[in-house]
Amino acid sequence: DSGVTQTPKHLITATGQRVTLRCSPRSGDLSVYWYQQSLDQGLQFLIQYYNGEERAKGNILERFSAQQFPDLHSELNLSSLELGDSALYFCASSGTGGAEDTQYFGPGTRLTVL
Amino acid sequence: AQTVTQSQPEMSVQEAETVTLSCTYDTSENNYYLFWYKQPPSRQMILVIRQEAYKQQNATENRFSVNFQKAAKSFSLKISDSQLGDTAMYFCAFSYGGATNKLIFGTGTLLAVQP
């Protein structure tokens, strides 16, 4: 158990809908990362937050947004869902978000868009 | 742009044997970090080992060790005394800090340990 929690574990929804994925980092970690794992794109970095502020963006679609709250949990919002958004979404956390950090991953949320 | 390449999509090893998974990367950075993550059938991403580029000594964690060749930009993972529980997808990953220490992943190697 990495100490990072993600809810829900599974999510099944229809095209055009909106969903919210939730992540709680390890105790004491200030930085949160979101990754998407799909069959065709592999593991891709989406976005990073540090202590409530956005630090970096990767290949995140405009239909997707995220935030980190004062209690450091993070939410990833996916809207206008398409079939191609079906994937495993991971949250990871690290202490400071610095170069020397190791990221610890949550169990992931499996999103299926029908 | 930084890239990570794993050229072995699948590998198989007998229980108790040794296997080496290959990884190469491309970067112009001098200070960076390399990782191996394991993803078993449960899909959890588990850190196996990490290596700091400024350290010449190869990292070791129990049965797992790396062969880090900085000049060749190579970072292979050796698993000794393979166990059935080692069956998993193994991802090589790279981060270099700067504005973000996001991880850049390879495509993975699926390792099957045979009884």
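Anything mentioned here points back to the structure above.
Just so we're clear, the structure is a prediction, and the values are computed from it rather than from any experiment. Once a new chain begins, its residue numbering starts again from 1 and follows that chain's sequence as written. Each chain takes a letter, starting from A, and each ligand takes a number, starting from 1, following the order in which they are written. Only residues with pLDDT of 70 or above have their local features reported here, since the model is predicted, and side-chain atom pairs are shown and tallied only from 80 upward, although totals for entire chains, interfaces and linings are computed over all residues. As a rule here, side-chain values come from all non-hydrogen atoms in the structure, and water together with hydrogens is ignored.

K.L.:
Report on the sheet that holds strand E1 (residues 5-7) of chain A, specifying residues and quantitative values.
P.N.:
All names here are of chain A. If you walk across this open sheet you meet the four strands as E1-E3-E8-E7, and the pairing is antiparallel. Only two strands of the sheet have a single partner each, and these edge strands are E1 and strand E7 (64-68). With strand direction ignored, the average angle separating the axes of adjacent strands in the sheet is 15 degrees. DSSP-based pairing: two strands are paired if at least 2 bridges between them are found. Numbered from the N terminus, helices here are DSSP runs of H or I no shorter than four residues, and strands are runs of E no shorter than two. Both E7 and strand E8 (residues 74-78) contribute to a ladder of five bridges, which runs antiparallel. Paired with Gln67 across the strands is Glu75, a residue of E8. Here an axis means a line fitted to C-alpha atoms, over the contact stretch when the element is a helix, while the angle between two N-to-C directions is reported on a 0 to 180 degree scale.

K.L.:
So what's going on with the pairing of strand E9 (residues 87-94) of chain A? Residues and values would help.
P.N.:
All names here are of chain A. Across the eight residues that make up E9, a large majority, eight, are buried. Each residue is assigned to one of three classes by its accessible area relative to the maximum for its type, calculated with a 1.4 Å probe on protein chains only: buried under 20%, partly exposed between the two thresholds, exposed over 50%. Both faces of E9 are covered, namely the face carrying Ala87, Tyr89, Cys91 and Ser93 and the face carrying Leu88, Phe90, Ala92 and Ser94. As paired strands, E9 and strand E11 (residues 109-113) are joined by three bridges and run antiparallel to one another. By the bridge assignment, Leu88 is partnered in E11 with Arg110. Sheet topology places E9 next to strand E10 (residues 104-105); two bridges connect them, and they run antiparallel. Looking at E10, one finds that Ala92 is bridged to Phe105.

K.L.:
Let's hear about the packing of aromatic side chains: which residues, and what values?
P.N.:
Within a pair of aromatic rings, the relevant descriptors are the distance that separates the centres and the angle that separates the planes. For this analysis, a ring pair means two rings from Phe, Tyr or Trp (six-membered ring only for Trp) whose centres lie within 6.5 Å, classed as stacked if their planes differ by under 30 degrees, edge-to-face if by over 60, and tilted for the remaining angles. Across all of its chains, the model carries 16 aromatic pairs over all chains by this definition. The interplanar angle of 85 degrees and the centroid separation of 5.8 Å between the aromatic rings of Tyr35 of chain A and Phe105 of chain B together place this pair among those described as edge-to-face. Of this pair, Tyr35 of chain A sits in strand E4 (residues 31-38) while Phe105 of chain B sits in strand E11 (residues 104-105), placing the two residues on different chains. Each of the two residues, Tyr35 of chain A as well as Phe105 of chain B, counts as buried. Judged by centre distance (6.4 Å) and plane angle (80 degrees), the ring pair of Phe68 of chain B and Phe75 of chain B falls under edge-to-face. By relative accessible area, which is 0% here, Phe75 of chain B ends up buried. Here the aromatic cluster, defined as three or more aromatic residues joined through ring pairs, consists of Tyr35, Phe45, Phe90 and Phe105 of chain A together with Phe35, Tyr37, Phe91 and Phe105 of chain B.

K.L.:
Mind laying out the interface of chain A and chain B, listing which residues take part and the relevant values?
P.N.:
Throughout, a residue-residue contact means that at least one pair of heavy atoms, one from each residue, lies within 4.5 Å. In this complex, chain A contributes 24 residues to the contact, which on the side of chain B involves 19 residues. Summed over both partners, the interface of chain A with chain B comes to about 1700 Å²; 52% of that surface belongs to carbon and sulfur atoms. Simply put, the buried area is the total loss of 1.4 Å probe accessible area from both parts when two parts are fitted together. Its largest share of buried area at the contact with chain B, chain A owes to Leu43, Ala99 and Phe105 of chain A, together 31% of the area lost on that side. We define a salt bridge as a contact between a side-chain nitrogen of Lys or Arg and a carboxyl oxygen of Asp or Glu at a distance within 4 Å. At the boundary of chain A and chain B, one finds zero salt bridges. Counting of polar contacts relies on pairs of N or O atoms within 3.5 Å, with two restrictions inside protein: one atom must be capable of donating a hydrogen and the other of accepting it, and residues adjacent in sequence are counted only when both atoms are side-chain atoms. Where chain A touches chain B, the interface holds ten residue pairs in polar contact (both at pLDDT 80 or more). For the side of chain A that touches chain B, the elements supplying multiple residues, two or more each, are E4, strand E5 (42-50), strand E6 (53-57), E9 and E10 of chain A. For the side of chain A that touches chain B, the class distribution of residues is eleven nonpolar, nine polar and four charged. Three categories are distinguished: nonpolar for Ala, Val, Leu, Ile, Met, Phe, Trp, Tyr, Cys and Pro, charged for Asp, Glu, Lys and Arg, and polar for the others, with Gly belonging to the last.

K.L.:
Talk me through the nonpolar core; I want residue IDs and the actual numbers.
P.N.:
For the purposes of this section, nonpolar cores are sets of buried Ala, Val, Leu, Ile, Met, Phe, Trp, Tyr and Cys residues that join through side-chain atoms within 4.5 Å. Counting 26 residues, the largest nonpolar core has Tyr25, Trp36, Phe75, Leu77 and Tyr90 of chain B as its most contacted members. Elements with a minimum of two residues in this core: strand E3 (19-21), strand E5 (33-39), strand E6 (46-52), strand E8 (64-69), strand E9 (74-79), strand E10 (88-95) and strand E12 (109-114) of chain B. Counting residues per element, this core draws most heavily on E10 of chain B, at four residues. Among all residues touching Tyr90 of chain B, those that are not within four sequence positions of it are Gln6, Leu21, Trp36, Tyr37, Lys38, Val48, Phe64, Leu77, Ile79, Gly108, Thr109 and Leu111 of chain B. Val4, Val32, Ile47 and Ala66 of chain A belong to the second largest nonpolar core, which has 21 residues in total.

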